[in-house]
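Single-letter residue listing:
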Amino acid sequence: RARALYAGALVWDDHSGFDPDARVDLACLDRWRSAGVHYLSVNVGYDVVPWRKTLQTLAAFRAWIEQHPADYLLVRTAEDVPRARQTGRMAVSFDLEGMNALDGDLHMVSAYYALGVRQMLFAYNLNNAAGGGCHDGDAGLTDFGRAVIREMNRVGMLVDCSHSARRTTLQAMELSSAPVIFSHSCAHAVTPHGRNITDAQIRACAATGGVVGINGVGLFLGGNDRAPERFADHVLHVTDIAGPEHVGIALDYAFDTGGIAEVLGAHADYWPPQEYPGGAVAFIAPQALPEIVEILLRRGCSDAQVQGLLGGNFLRVAQQVWR
């Protein structure tokens, strides 16, 4: 039953975790495509790197996808996702982790959208010109952050609250006129980590019509453990708190765990050592998704709930927001 359900569902992974660098060989995307994933949001930049590097990465990733039209489709509208699936391809769009990529210029929002960026979060762990990060003082939204939300709503870009501070996210969800997402966040009530979100944030997200994407990072799942059962624990908690129509998948999968450990150590301000102890980081790979489906069915989820989790919920929000 689990295999048949997975094979028949639209599978949407709302965030990749590999290094956003123009030198990355995107042949790695086959890890998702071969696992039956039909849509992937690929990170092209985060606050740790200069915004010019983000533009270089975005240009390189766009070119690679356009040069592989038999296997991948660069998303423009939400309807491109089921269309890619029907033609045996994986749909791809891009996301930004933090508003440093705007370089303080509101006009950059529509420019990034035209280049394929479909979601952007406020701050990557630390405060920036737009708002507060989850590992910093929670100053809330700035005037610039509020203006960015209005512009994102106008152009059709998803407002993403992952990695951002609690007060900032609650203010953003109150201000946005469109559904808001936590693209890749786990539940703090299940695992009390600074990157995870509270029940109040989960409920506020659902009230906008949005979705919480559960990520597969062991540190956030608990105990640096990538067991699918732990992933299911977070899915079921969000389901209990907000309803099954407000939970999705965003694995944040990064296969080069050794490289991740080096990056964490080199930027201890963004990743405080008490929250990110040294050593390799465990990740749930896309190939584990069928096992997660089996676990959720065994733990009482209906076929319809699993189909929503796998992709239907995020597709619904994209259809509402993307222009």
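If you're wondering where the values come from, they're calculated on a predicted model, not measured in any experiment.

Caption draft 1: Region of the structure containing the packing of helix H12 (residues 289–298) against helix H13 (residues 303–321). Orientation of H12 relative to H13, taken along the N-to-C sense of each, is 145 degrees, at an axis distance of 10 Å. In this structure, the crossing between H12 and H13 has a hand that is right-handed. Contacts between H12 and H13 pair Val 293, Leu 296 and Leu 297 from the former with Asp 303, Val 306, Leu 309 and Leu 310 from the latter. In the contact of H12 with H13, the residues fall into 6 nonpolar, no polar and 1 charged.

Caption draft 2: Main features of the pattern of salt bridges. Considering all chains together, one arrives at 13 salt bridges under this definition. Between Asp 303 and Arg 1 there is a salt bridge whose closest N-O contact spans 2.6 Å. Of the two residues, Asp 303 sits in helix H13 while Arg 1 sits in the segment before helix H1 (2–8), which places them 302 residues apart along the sequence. Residue Asp 21 is joined to Lys 53 by a salt bridge in which the shortest nitrogen-to-oxygen separation is 3.4 Å. On the criterion of sequence distance, the pair formed by Asp 21 in the loop between strand E1 (12–13) and helix H2 (30–33) and Lys 53 in helix H3 (residues 51–66) is long-range, its members being 32 residues apart.

Caption draft 3: Local environment of the state of the cysteines. Enumeration according to the criterion identifies 0 disulfides in this entry. Among the cysteines around Cys 186, which has no disulfide bond, Cys 134 carries the closest sulfur, lying 12 Å off.

Caption draft 4: Fine view of the packing of aromatic side chains. Within this structure, the stated rule accounts for 17 aromatic pairs. Through successive ring pairs, a cluster of aromatic residues spans Phe 18, Trp 32, Phe 61, Tyr 253 and Phe 255. Across the ring face of Tyr 113, the terminal group of Arg 118 is positioned such that the distance to the ring centre comes to 3.7 Å.

Caption draft 5: Broad picture of the pairing of strand E4 (residues 90–97). Judged by how many residues are buried, E4 sits mostly within the fold: 8 of 8 residues are covered. By the alternation rule, side chains of E4 split into Met 90, Val 92, Phe 94 and Leu 96 and Ala 91, Ser 93, Asp 95 and Glu 97, which are all buried. Two elements, strand E2 (residues 39–46) and E4, share 7 bridges in a ladder whose sense is parallel. Its bridge partner being in E4, Gly 45 is matched across the sheet by Leu 96.

Procedures and definitions
- Residues numbered from 1 in each chain as written.
- Predicted model: local features only at pLDDT ≥ 70, side-chain atom pairs only at ≥ 80, totals over all residues.
- Heavy atoms only, no water.
- Axes fitted to C-alpha atoms, helices over the stretch in contact; angles between N-to-C directions.
- Helix = DSSP H or I, 4+ residues; strand = E, 2+ residues; numbered from the N terminus.
- Left-handed = near helix turned anticlockwise from the far one by under 90°.
- Contact = heavy atoms within 4.5 Å.
- Nonpolar A, V, L, I, M, F, W, Y, C, P; charged D, E, K, R; others polar.
- Salt bridge = Lys/Arg side-chain N within 4 Å of Asp/Glu carboxyl O.
- Disulfide = S-S within 2.5 Å.
- Phe/Tyr/Trp six-rings, centres within 6.5 Å; stacked < 30°, edge-to-face > 60°.
- Lys NZ or Arg CZ within 6 Å of the ring centre and 35° of its normal.
- Buried < 20%, exposed > 50% of the residue type's maximum accessible area, 1.4 Å probe, protein only.
- Pairing = 2+ DSSP bridges.

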